[in-house]
Amino acid sequence: MEDAGKYMCQVNTDPMKMQTAMLEVVIPPDIINEETSGDMMVPEGGSAKLVCRARGHPKPKITWRREDGREIIARNGAHQKTKALAVEGEMLTLSKVTRSEMGAYMCIASNGVPPSVSKRMKLQFSYEQICTLWGDCARKDVRFKYFHAKDFVHSHH
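Residues numbered from 1 in each chain as written. Predicted model: local features only at pLDDT ≥ 70, side-chain atom pairs only at ≥ 80, totals over all residues. Heavy atoms only, no water.

Participant: Describe the overall build of the chain, naming the residues involved and giving the relevant values.
Facilitator: Within the chain, the secondary structure is distributed over 0 helices and 15 strands. In the chain, which comprises 157 residues, the share counted as buried stands at 25%. Restricting to contacts in the chain with at least 6 residues of sequence separation, those with at least 24 account for 52%. (Helix = DSSP H or I, 4+ residues; strand = E, 2+ residues; numbered from the N terminus. Buried < 20%, exposed > 50% of the residue type's maximum accessible area, 1.4 Å probe, protein only. Contact = heavy atoms within 4.5 Å.)

So this is what it looks like as C-alpha cells:
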C-alpha cells in the first residue's frame, strides 16, 4: 500500500520528455474470521444476526446468498416482507425465523480484484427441552399434554 502514489518517468533528450502515472495497489478480498459469524442455532420464531467482515483494497462489498439458491426473506416491520436472491451489507438480520429459512448461507466478499472469497454459515434450529415433573423430557417442538399435579390429588371422604 505504501508504494501507491504518483510516479514520473523522465527522458533526458532535447527537448526533455516526461510522463507521469498514478500507481494504485490493489489487494484481493480476505474474510476476517475473528469478526465473522459461524454456524448458529436459532429457536423457531427467533432472530439471527449474521455478520461478515472482509479486508482488501478497494474495500470489499459483502453479498449474502443462500447455498440452495432459495430467496432470503427479510422482515422489516409487522407485515413487511422482502424476498431477494442476494442481500448486500456486512450484516444479515433474519427475524421470526421459520423452518424453511434454515440451512446454509454464504457471505461473498468481492472488490473487483480476483479472487472473490466466501464463507459458509449454517443456520440450525435449537430445540429447548421441556421436562415434566416425572422426568419425561421432550423437545419443545414436540406437542404433548400438560398435567398439573392437582389433577392427580384425590380427595378421600
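Participant: Give me the lowdown on the environment of D3, citing residues and values where you can.
Facilitator: Within the secondary structure, D3 is located in the segment before β1 (5-11). On the basis of relative accessibility, which here comes to 47%, the residue D3 falls in the partly exposed class. Considered as a pair, D3 and V25 are 22 residues apart in the sequence and their alpha carbons are 7.2 Å apart. Ignoring sequence-local partners within four residues, the contact set of D3 consists of L23 and V25.

Participant: Which residues make up the sheet that holds strand β10 (residues 87-88), and what are the values?
Facilitator: Spatial ordering of the open sheet is given by β4-β13-β12-β7-β10, a layout of 5 strands whose pairing is mixed. Whereas interior strands pair on both sides, the edge strands pair on one side only; in this sheet they are β4 (40-42) and β10. Taken together, the 2 bridges between strand β7 (residues 61-66) and β10 define a ladder with antiparallel strand orientation. Bridging from a neighbouring strand, W64 pairs with V87 of β10. (Pairing = 2+ DSSP bridges.)

Participant: An account of the state of the cysteines is needed here, citing residue identities and associated values.
Facilitator: Tallied over the full model, the rule gives 1 disulfide. Disulfide pairing places C52 opposite C107 at an S-S distance of 1.8 Å. Of this pair, C52 sits in the loop between β5 (48-51) and β6 (54-57) while C107 sits in strand β12 (residues 103-110), and the two are 55 residues apart along the sequence. (Disulfide = S-S within 2.5 Å.)

Participant: Got a sec to walk through the nonpolar core? Specific residues and values, please.
Facilitator: Ranked by size, the top nonpolar core spans 19 residues in total, and within it C52, W64, L92, L94, Y105 and L123 carry the most contacts. Counting only elements with at least two residues in this core, the list comes to β5, β7, β11 (91-94), β12 and β13 (117-125). (Core = buried A, V, L, I, M, F, W, Y, C linked by side-chain atoms within 4.5 Å.)

Participant: How would you sum up a nonpolar patch on the surface? Please name residues and give values.
Facilitator: Taken together, the side chains of M8, M16 and M18 present a nonpolar region at the surface, about 320 Å² in accessible area. Counting through the fold element by element, M16 comes out in the loop between β1 and β2 (17-23). Overall, the relative accessible area of 44% leaves M16 in the partly exposed class. (Patch = residues over 30% accessible without salt bridge, like charges linked within 9 Å, V, L, I, M, F, W, Y side chains within 5 Å. Areas by Shrake-Rupley, 256 points an atom, 1.4 Å probe, with all protein chains shown as cover. Salt bridge = Lys/Arg side-chain N within 4 Å of Asp/Glu carboxyl O.)

Participant: Just give me the short version of unusual backbone geometry, but keep the residues and values in it.
Facilitator: Most peptide bonds take the trans configuration, and most residues that are not glycine carry a negative phi. The omega torsion of the bond from D14 to P15 falls at 0°, within 30 degrees of zero and hence cis. A cis amide bond, omega 0°, links P114 with the succeeding residue P115. Positionally, P115 belongs in the loop between β12 and β13. We note that K96 has phi near 50°; this positive angle belongs to a residue other than glycine. When you line up the elements, K96 lands in the loop between β11 and β12.

Participant: Give a description of the pattern of salt bridges that names residues and reports values.
Facilitator: The tally for this structure, following the rule as stated, stands at 8 salt bridges. Notably, a salt bridge pairs R99 with E44, separated by 3.5 Å at the nearest N-O pair. You can see R99 sitting in the loop between β11 and β12 and its partner E44 sitting in the loop between β4 and β5, a full 55 residues away along the chain. K61 serves as the salt-bridge partner of E88, at 3.6 Å between the closest nitrogen and oxygen. Within this pair, whereas E88 is found in strand β10, its partner K61 is found in strand β7, the two being separated by 27 residues in sequence. Residue class for E88 comes out exposed when judged on its relative accessible area of 55%. Salt bridges linked by common partners bring R53, K59 and E90 together as one network.

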